[in-house]
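Working through the structure, step by step
So you can see what is in the structure, the chains are spelled out below.
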Amino acid sequence: MIKIENISFDHCIKCTVCTMYCPVSQATHLFPGPKASGPDAERLRIKNPELVDSSLKFCTNCKRCEIACPSDVKIAELIQNAKWNYLKIHWFRPRDFFMSRTDLVGGIATLFSGIVNFIIGLSIVRIFMHLFLKIPFRTVFPKYEKTTFRRIFKKELRWSQSEYSKKVIYFHGCYVNYNNNSLGRDFVKVMNALGYGVEMKKEKCCGVPLIANGYIEKAKKNAVYNIASLQKGGGDSKIVATSSSCTFALKNEYSSFLELDNSGIADRIEFVTRFIYNEFLSGNIPKMKPLGIRAAYHSPCHLERMGGVMYTLGILKKIPGLELVVLNSECCGIAGTYGFKNENYDISQSVGKSLFNLIDKAVPEFVITDCETCKMQIEMNTKYKVLHPVTAIAMALDIK
Ligand code: SF4
Ligand code: SF4
């Protein structure tokens, strides 16, 4: 049955702006583009699901087409829905299974991080992964931490948080928990400098990698768990996340794509830079000392989709001594787990090429971006270290 909220395809005015903005249709002739695969094909798919074609798999779900569309057609959502409802890819795919089970893999890998980090860096293991798991040889996986951020918070940070009368609930996401504990520490430091104590609720992976790999039922289960947990006893405190993709999922995709009721939390969810921007705007700006660095800023696609880039730029401009080069809006090409697959590797590299060139031309000391997978892609393809905006603020707070 066609649901009334899913007929946005009927608003298409056939202007083809979306196709001009789609980085994948620019990079390969194998993908006909958002207009053809989205609203045009949806009319045929509704009549006959067998008319679906396998080129849908090339869409990265970057959502740049939706940003460009003047008629608010949910193009990427139509394509994702069609991909997983009609293509019916049901066979067991070990690579996709493990890439999307971030809590399972991260939980085990942090327990044995020394050996895991050593093994995944070995050339012979990378050749094996290339041949048998179809993971590109050039992939550099992020290192696993020795412990989880949740354990660090419980042991070292939680006790001091009751000193603050105001509080935020932190949705840390898998990357901070298993791969980048220091971003979690920076978040607590910055919130405390703004006069907020940090609280954490139980959480599961937000579901972004599950959705990207077609495990929709499991993504729904995680979403139901997160909605219930974040609703419990938080009052009207903001729920703040440091990952732009987690924020987009919690705030938008839980209701629009997974068709769940997230109304109890949606208005309280903020991406961290918007939260800090509003504090700065109200005059709550902590003392910062000049950083003395030149950085290039890359805006992630999902943050652009949420209209959040202006908040990140707003707070970065308040950091003294930060010379910022704002790069043209370009997709980095990694799109979560998309670029970690042999069959997508060439497209992913071709999409990201303009961004890598822009970064090189800017000659920065660091790159700043809000998204963990953009960070991975940029660090794999340029010589620059990538910082989160929160880390840049924490660095300015740290300077004695
Ligand atoms: S989501 Fe991205 S890759 Fe997919 S059709 Fe839209 S612009 Fe193209
Ligand atoms: S941008 Fe929107 S209205 Fe224009 S062709 Fe694409 S889907 Fe249709």
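A brief look at the structure comes next. For clarity, every value in this text was computed on a predicted model and none was experimentally measured.

1. Quick look at the side chain of glutamate 42
Assignment of secondary structure puts glutamate 42 in helix H3 (residues 34-47). Glutamate 42 gets classed as buried once you look at its relative accessible area, which sits at 10%. There is a polar contact of 2.8 Å between the side chain of glutamate 42 and the side chain of arginine 45. Residue contacts for glutamate 42: discarding those within four places in its chain leaves Phe9 and Leu78.

2. With respect to the pattern of salt bridges
Per the counting criterion, the structure on display carries 18 salt bridges. Among the ionic pairs, lysine 35 bridges to aspartate 40, the shortest N-O distance being 2.8 Å. In this structure lysine 35 comes out as buried when scored by relative accessible area, which is 17%. The network of salt bridges with shared partners includes Arg93, Arg95, Asp96, Lys341 and Glu343.

3. Quick notes on the site of ligand 2
The immediate surroundings of ligand 2 are formed by 13 residues, with Cys12, Cys15, Thr16, Cys18 and Cys69 found nearest. Taken together, the residues that form the shell around ligand 2 break down as nine nonpolar, two polar and two charged.

Conventions used here
Residues numbered from 1 in each chain as written. Chains lettered and ligands numbered in written order. Predicted model: local features only at pLDDT ≥ 70, side-chain atom pairs only at ≥ 80, totals over all residues. Heavy atoms only, no water. Helix = DSSP H or I, 4+ residues; strand = E, 2+ residues; numbered from the N terminus. Buried < 20%, exposed > 50% of the residue type's maximum accessible area, 1.4 Å probe, protein only. Polar contact = N/O pair within 3.5 Å; in protein donor to acceptor, adjacent residues only side chain to side chain. Contact = heavy atoms within 4.5 Å. Salt bridge = Lys/Arg side-chain N within 4 Å of Asp/Glu carboxyl O. Near = heavy atom within 4 Å. Nonpolar A, V, L, I, M, F, W, Y, C, P; charged D, E, K, R; others polar.

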